[in-house]
Amino acid sequence: MEASRASETATVLPLTAPNPARRTWVGAATLRAEDPALLTGEGRFIDDLSPFPSEHHAAILRSPYAHARITRLDVKPALALEGVTAVITGADVSAACKPFPVGIETRPVFYPCAIDRVRYMGEPVAVVVAEDRYIAEDALELIDVGYDPLAPVVEIEDALHADSLPLHEAVGSNVVHDRSFAYGDVDGAFANAEEFVEAKFVFPKYASTPIETYGVIAHYQRAADTYVVHANFHGPFILHSLMAQALQIPSNRLRIVVPPDIGGSYGIKSAVYPYIVLIALASKIAGVPVRWIEDRIEHLCASSSSTDRVTWARAAVLKDGTILGLHLDQVDNTGAYVRAPEPACLYRMHGTVTGAYRIPAVAIRNRLVSTNKLPTGLNRGYGGQEQYFTLERLVALVAKRLGLDVIEVVRRNLLRKEEFPYHAPAGSVYDSGDYHAALEHALELADYPALMAGRESARAEGRLVGIGIGCIVEPSGSNMGYISIALPKDLRDRSLPKSGCTEAATIAIDPLGAVTVRLSTTPQGQGHRTVAAQIVAQELGLEPKQVEVLAELDTQTSAWSIASGSYSSRFAPVAAVAIRNAARKVAYKLKAIAAHQFGVAFEDVDLVEGAARSADGTHVTSLKRIAGAAHWNPSSLPDGMEPGIYETAYYSIGLLRPPDDDDRVDSSAVYGFVVDLALVEVDSRTGRVDVKQYVTVHDSGTVLNPMIVDGQIRGGFAHGLGGALFEEIAYDENGTLRSGTLADYPIPTASELPTIVIGHVDVPSPFTPLGAKGVGEGNAMSVPVVIANAVADALGANEVRLPLVPHRVWEMLQPNAVEAR
Amino acid sequence: MSYCSKDGRTTISLEVDGKRVKAAVSPRLLLSDFLRGPCAAKGVHVGCEHGVCGACTVRVDGQAVRACLMLAIQTDGSRVETVKVLGIADAMHPLQERFQARHALQCGFCTPGILISAQTYLREHPAPTRRDIEELLSGHLCRCTGYTPIVDAILDAAELERR
Amino acid sequence: MKPAPFDYYCPRSLDEALALLAQYGDEAKVLAGGQSLVPAMNMRLARPGVIVDVNRLPEAAVIERCDGSLRVGMLARQADLERMPVALDAVPLLAQALPHVGHWQTRNRGTVCGSLAHADPSAELPLAIVVLDGAIEARSSARGTRWIAAGQFFESYFQTALQNDEIVVGASFPARREGWGYAFEEFAGRHGDFAIVAVACAVALEPNGVASEVRLGLGGVADKPHLAPLTAYCGRVLSQRDLPEIANAAVADIEPPSDLRGSARYRRALATNLAQRALTRALASARTACDGLAQ
């Protein structure tokens, strides 16, 4: 099965009046500007940088226990080791720092380092600063710590138990958050139902695991009382505010610089921020610049992960498959702390909780528990895979219960294109889509009738073959207001309302006419520099290679805001527009100068092929000359025009508002769509799941660069398949991590990943000027449940637990099945 | 017999990317740290330090190996090659060109190790099958691409080299 | 993840190396390929005070056929064998097992003898040498050379019969013999992972079709490679119908561990299944070998 771009229905909206001379760059598969440096070993990742002279190196002592009181902490032997500069402990941290703000009412206290109690295996206990990392690790072994072990709380259902030992004494319970919501006529829906389908769903904890780990290089500059920190942190930059509050400094004294290259993140590097605070403090206390590069063992035990979730779900349905309403009782496990932006995992999909279906009524109870596990955070698909695991398994179970083909149930409930913009009951406003066309395209690509026939004949031979489907709405461009829905309205009203998805971009033209774009999107491989150059080139009548794009972000010199950064697939719907708008400001100025020089009307000037040209063709002046006038000869500019060319644009989608009084929130800017079909075969002897065929059809709106879009789809698929078949951050009953090395945390390799077929039914979004929707997360959301559905179909099983590792699948096949941990 | 105490240093001389290097190293200094530090070969990326991820793969005396699983002191007299030996930005090696054309890299962190592995492997196996390349790549972790474009790029490059 | 400090010796002769081991005993660790030792040192799970780097010993990388065996010197890399068609042809079981050993990049550095000395109970090469009834050559300065039968060499998890002043200087893998067939089967989570269960099998057929020897070993099911007692099936003509029974017999007395990669009963089922596959293939290849003889 050869990978193919099976269909191209993407259309590119003309940005300005059509002009035959203008090359259309947006929508082209432009080769990436990032690649030559990365391919020749000239990337500039965090550990490649040496921003400060005479830096020292940090290593972090971490708890070997899941849950214990610290009874003794003696750092003197470590300090006595030659080459050791300082040792920082919880006492130093609590003296210098405030706990991080927490977005739930019970506010469990969270510091970047354990103070007197450890709550997960791997939690920082002390930081050694030394001349090099080798010595720093030697010194860790000399720190004397006494631990008094406490009863660990590991699984969600243990934490729900009233007699589990509370991790946070001040909260008094391991249920740290509990809110209920209802939208539409839920009682009516359940009263009118002809059937009920009820099930419990368990979703595991796994992680993004980029190949580059966290890195922080901090320098406390005493005279200025300022922390300058370089870190592979990619936002959201609302976390800058939290860091400044924790450090108790004015926010303009925390300068964060993000390197031009980040070695992958998929969300997880947003959680480097507590380490930014910790290493910043270490620099202040040690009096030297400090470099900390997380090692892989640290990363696997103490960086971040997705949440594990247990959901009790109930659907009210009619016999024809119509879903009238849902009851969802969801419990998320954010681990030992509720580290911001948690509890966002529970709420990112809140407005979108009914997915791609016309489900008019839904009641939700959301709880959050604390357990002695690694704290959670952004992880490609964030919240989506958990949500869709429930919803799409439920749809499959509805079909099974009613004896209908699942495709029929999907078709009956799937939103129709005339229903857009669609106001989902919990508040999301879906911008555009043709879900049925996408579904039909997927069925066609997979040759569904042949697939069904093949399944039947394989089954006749006794083989275990199954088909899985999933239809998911892929939100992108998070509304910064959605997290506040975790607070009840009265508490929400006590703080200022939040909304929007603001991003910024800056474009300058220098005295010799060269164009430089400065982003605040902190990319980690998504090709933002390439796409930005395409957009700016198109607006200014240049070629992309003439546009230099800088990906470094500096909170003191870049334009940014609370939503800035790279997460929630926000580049295409939001950041790309900020870039375009900045380019339009520049184009406006260039045209105004040219019109003035040519003596023609503004409307009669166009920017083409590196020059400004009058409509009648009599005047042509190079862009270099036009821009040069703004630098070299301001007196030649039109009256009142500022000299120089340096334009910044901020952009947010205006439709995004804070949650309303009825707890409705439009949680994202735009909404893409993904439909996946999988054919799997299970080897009954080994339990191995073989993905024989996988088709994924996307609505990603206007495609800005098809090569990059398909790259994002493949990457999202790989993460989704990892979660479906391989990866779990596993703990034993004592809270001891069992997946602490890359040998035990099995990331799929080229030998394990099947080739996929990608299709497109792209419907441009009317809510964002470029029409583009995010695309990086859809398959991370869909693949776990689609594989689960296919395996359930193959095995005839109702209950499926991920990851579907061979021994777990094999155990499911045994007559006296016992659940494999 | 050569000896170096745990607190001491031994001077080694070797060739790194075609340049002679002489440096005093302590016995426990990993080759990966030596290349990134004193040799400034920043194209050697460190991803796991236990030999699984493959990001630090370099060529030592003609063999593709994990730099995190060798000691610098072991490379006295050796020829070490990193991604720098392939090509430069305006004169890329066919593997590099095909990686760009196939969109076989995104964040690019795993890429240098894969390029060294692939270049070395193709010297021994000029006509690999798709399955061969998948097996070769099972020694490298990539979290961005889903591997398919990497396999395609290496197969393309093998074909180009055969022509 | 950086190793703890150690004194480093790089001997230029075997005698020097042996003298160091005699001097430092338990404190010293031999560094050959380093593909298992160095990760353990980086994680500080291993912290030898003295490293004896044997990579510069002369002529230690020799691979040669002698007296019906393939002799593999202490520094022969796993990939060196893969690059020698003659060697692979001589020991077909090794040819089948090697692609499962780690990855090409680690086989370029990892040594055959190092893998034997490391004695991971899931590793492929220990299993292969046990099934082939090979031997390991150990040397010490005090007692000189001794050959240890593979069946006696592996004692438990990462434990061998090697004394702490001894070094593995070579291993001897019996070469393909007339009428023999070989098969290696493995099931692992991912390509290149340590086996959840591995099976190596060697079957000898008389020209009349009688099986004169049935050797079958299991990896990943015990603290060391497990050689199944199958002598009851020798001296009989074996048909495909007999194989499930033999496979069951092969796993009858194993007590596999339960862990993250599978329960005991899962491993037992896998072992039975892989044993049957390995027997099928080994028997088929033995038959081919016999047919070749007959012609």
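The rules behind the values
- Sequence order as written defines residue numbering, which begins from 1 separately in each chain.
- The order in which chains are written sets their letters, starting at A; the order in which ligands are written sets their numbers, starting at 1.
- It should be noted that, the model being predicted, local features are given only for residues of pLDDT at least 70 and side-chain atom pairs only at 80 or more, the latter also being counted only at that level, while totals for whole chains, interfaces and linings use all residues.
- Water and hydrogen atoms play no part in the side-chain values, which are based on all heavy atoms of the structure.
- Numbering of helices and strands runs from the N terminus, with a helix taken as a DSSP run of H or I at least four residues long and a strand as a DSSP run of E at least two residues long.
- All radius of gyration figures rest on C-alpha atoms, and the globule criterion is 2.2 Å times the number of residues raised to 0.38.
- The contact definition used throughout considers only heavy atoms, calling two residues in contact when any of these lie within 4.5 Å.
- Accessible surface is computed with a 1.4 Å probe, and the buried area is the amount of it that two parts give up when combined, taken over both parts together.
- For salt bridges, the criterion is a side-chain nitrogen of Lys or Arg within 4 Å of an Asp or Glu carboxyl oxygen.
- By the criterion applied in these results, polar contacts are pairs of N or O atoms within 3.5 Å in which, for protein atoms, one can donate a hydrogen and the other can accept it, and in which residues neighboring in sequence qualify only through two side-chain atoms.
- The residue classification treats Ala, Val, Leu, Ile, Met, Phe, Trp, Tyr, Cys and Pro as nonpolar and Asp, Glu, Lys and Arg as charged. All others, Gly included, are polar.
- Buried residues are those whose accessible area, probed at 1.4 Å on protein chains only, stays under 20% of the maximum for their type, while exposed residues exceed 50% and partly exposed ones sit between those limits.
- By the convention used here, strands pair only if DSSP detects at least 2 bridges between them.
- For the purposes of this description, domain bounds are those given by an automatic or database domain assignment.
- Two aromatic rings from Phe, Tyr or Trp, using only the six-membered ring of Trp, form a pair when their centres are within 6.5 Å; if the ring planes differ by under 30 degrees the pair is stacked, by over 60 it is edge-to-face, and anything between is tilted.
- Remark: a charge is flagged as sitting over a ring if the NZ atom of Lys or the CZ atom of Arg is within 6 Å of the ring centre and within 35 degrees of the ring normal.
- Every axis corresponds to a line fitted to the C-alpha atoms, with the helix fit spanning only the stretch in contact, and the corresponding angles, defined between N-to-C directions, vary from 0 to 180 degrees.
- Crossing handedness follows the turn of the near helix against the far one: under a right angle anticlockwise gives a left-handed crossing, and clockwise gives a right-handed one.
- For our purposes a nonpolar core is just a set of buried Ala, Val, Leu, Ile, Met, Phe, Trp, Tyr and Cys residues, chained together by side-chain atoms within 4.5 Å.
- Multiplying 1.5 Å by the residue count of a helix minus one yields the expected span of that helix.

To continue, consider the overall build of chain B. Helix and strand counts for chain B stand at five helices and six strands. In chain B, the succession of α and β elements from N to C terminus is β-β-β-α-β-β-β-α-α-α-α. For 163 residues, the compact-globule estimate of 2.2 N^0.38 gives 15 Å, and the C-alpha radius of gyration of chain B, at 16 Å, lies within 12% of that figure. In terms of its C-alpha atoms, chain B occupies a principal-axis envelope of roughly 50 × 30 × 25 Å. Restricting to contacts in chain B with at least 6 residues of sequence separation, those with at least 24 account for 55%.

Tallying the contact residues gives 54 residues for chain A and 49 residues for chain B. Surface buried jointly by chain A and chain B totals about 4,100 Å² across both partners, of which 57% is contributed by carbon and sulfur atoms. Together, A:Leu39, A:Tyr134 and A:Ile211 form the three largest contributors to the area buried by chain A at its contact with chain B, with a combined 20%. Here chain A and chain B share five salt bridges between them. Notably, a salt bridge pairs A:Glu727 with B:Arg143, separated by 2.8 Å at the nearest N-O pair. Connecting chain A to chain B are 21 residue pairs in polar contact (both at pLDDT 80 or more).

Once that is clear, we can look at the environment of A:His177. All names here are of chain A. Its location among the elements puts His177 in strand 7 (residues 175-183). As a C-alpha pair, His177 and Arg367 span 190 residues in sequence and 5.3 Å in three-dimensional space. In contact with His177, not counting residues within four places along its chain, are Ile104, Glu105, Leu346, Tyr347, Asn366, Arg367, Leu368 and Ala486. Within the structure, the side chain of His177 is placed 3.5 Å from the side chain of Glu105, a separation counted as a polar contact.

A few words now on the interface of chain B and chain C. At the interface, 39 residues of chain B touch 37 residues of chain C. Taking both sides of the interface into account, the surface hidden between chain B and chain C amounts to around 3,200 Å²; carbon and sulfur atoms contribute 55%. Remark: the boundary between chain B and chain C carries three salt bridges. Here C:Lys2 makes a salt bridge to B:Glu49, at a shortest N to O gap of 2.7 Å. Elements that contribute at least two residues to the side of chain B that touches chain C include exactly strand 1 (2-4), strand 5 (63-66), helix 3 (111-124) and helix 4 (130-137) of chain B. Among the residues making up the side of chain B that touches chain C, the classes are represented as 16 nonpolar, 14 polar and nine charged.

All names here are of chain C. Of all the eight residues making up strand 10 (residues 167-174), eight are buried; the element is thus mostly covered by neighbouring parts of the structure. Where strand 5 (residues 69-73) meets strand 10, five bridges bridge the pair, whose relative direction is antiparallel. Bridging across to strand 10, Ser69 finds its partner in Pro174.

Residues and elements named next belong to chain B. Each domain of chain B was delimited in the assignment, giving domain 1 (10-82) and domain 2 (94-162). Linking domain 1 with domain 2 are zero salt bridges, by the criterion used here. At the junction of domain 1 with domain 2, the criterion picks out six residue pairs in polar contact (both at pLDDT 80 or more). Elements represented by at least two residues in the side of domain 1 that touches domain 2 include exactly strand 4 (57-60) and strand 5. By residue class, the composition of the side of domain 1 that touches domain 2 is six nonpolar, eight polar and three charged.

Moving on, we come to the packing of aromatic side chains. Residue and element names in this part refer to chain A. Tallying each qualifying case throughout the model produces 28 aromatic pairs over all chains. Between Phe201 and Phe389, the aromatic rings sit 6.3 Å apart at their centres with planes inclined by 90°, giving edge-to-face as the arrangement. A residue pair is termed long-range when its members are at least 10 positions apart, and Phe201 in strand 8 (residues 195-203) and Phe389 in helix 11 (residues 384-402) qualify at 188 residues. Ring centres 4.8 Å apart and planes at 45° place the aromatic pair Tyr588 and Phe602 in the tilted group. A residue pair is termed long-range when its members are at least 10 positions apart, and Tyr588 in helix 17 (residues 571-598) and Phe602 in the loop between helix 17 and strand 23 (605-608) qualify at 14 residues. Taken together through their ring pairs, the aromatic side chains of Phe100, Phe110, Tyr273 and Tyr337 make up a single cluster. Positioned over the ring face of Phe196 is Arg314, at 4.6 Å from the centre of the ring.

All names here are of chain A. Contact geometry of helix 7 (residues 238-247) with helix 8 (residues 273-286) gives a least axis separation of 10 Å together with a crossing angle of 35°. Crossing hand, helix 7 versus helix 8: right-handed. Contacts between helix 7 and helix 8 involve Leu239, Leu242, Met243 and Leu247 from the first element and Tyr273, Ile276, Val277 and Leu281 from the second. Class assignment of the residues belonging to the contact of helix 7 with helix 8 gives a composition of eight nonpolar, no polar and no charged.

Among the nonpolar cores identified, the biggest contains 234 residues, and A:Val216, A:Phe233, A:Ile787, B:Phe99 and B:Ile154 are the most heavily contacted of them. It is helix 20 (residues 778-795) of chain A that provides the largest number of residues to this core, a total of 11 residues. Setting aside residues no more than four positions away along its own chain, A:Val216 makes contact with A:Ile46, A:Val229, A:His230, A:Ala231, A:Val272, A:Tyr275, A:Ile276, A:Ile279, A:Val290, A:Arg291 and A:Trp292. Among the nonpolar cores identified, the runner-up in size contains 59 residues, and A:Leu519, A:Ala533, A:Ala582 and A:Ala594 belong to it.

Bringing helix 11 of chain A into the picture now. All names here are of chain A. Under the 1.5 Å per step criterion, the end-to-end length of helix 11 is 26 Å for 19 residues, consistent within 8% with the ideal 27 Å. For helix 11, the tally of buried residues reaches 16 of 19 residues, placing the bulk of the element in the interior. Just downstream of helix 11, Gly403 is the residue with a positive phi angle, here 70°.

What follows is about the sheet that holds strand 2 (residues 10-16) of chain B. All names here are of chain B. Strand order in the open sheet formed by five strands is 3-2-6-4-5, with mixed pairing between adjacent strands. In this open sheet, the two edge strands, each paired with only one partner strand, are strand 3 (19-25) and strand 5. The average undirected angle you get between the axes of adjacent strands in this sheet is 40°. By the bridge criterion, four bridges tie strand 4 to strand 5 in an arrangement that is antiparallel. Bridge pairing in strand 5 places Val58 opposite Val65. In the packing of helix 3 onto the sheet, the strands contacted are strand 4, strand 5 and strand 6 (79-81), and the crossing angle to strand 4 comes to about 45°.

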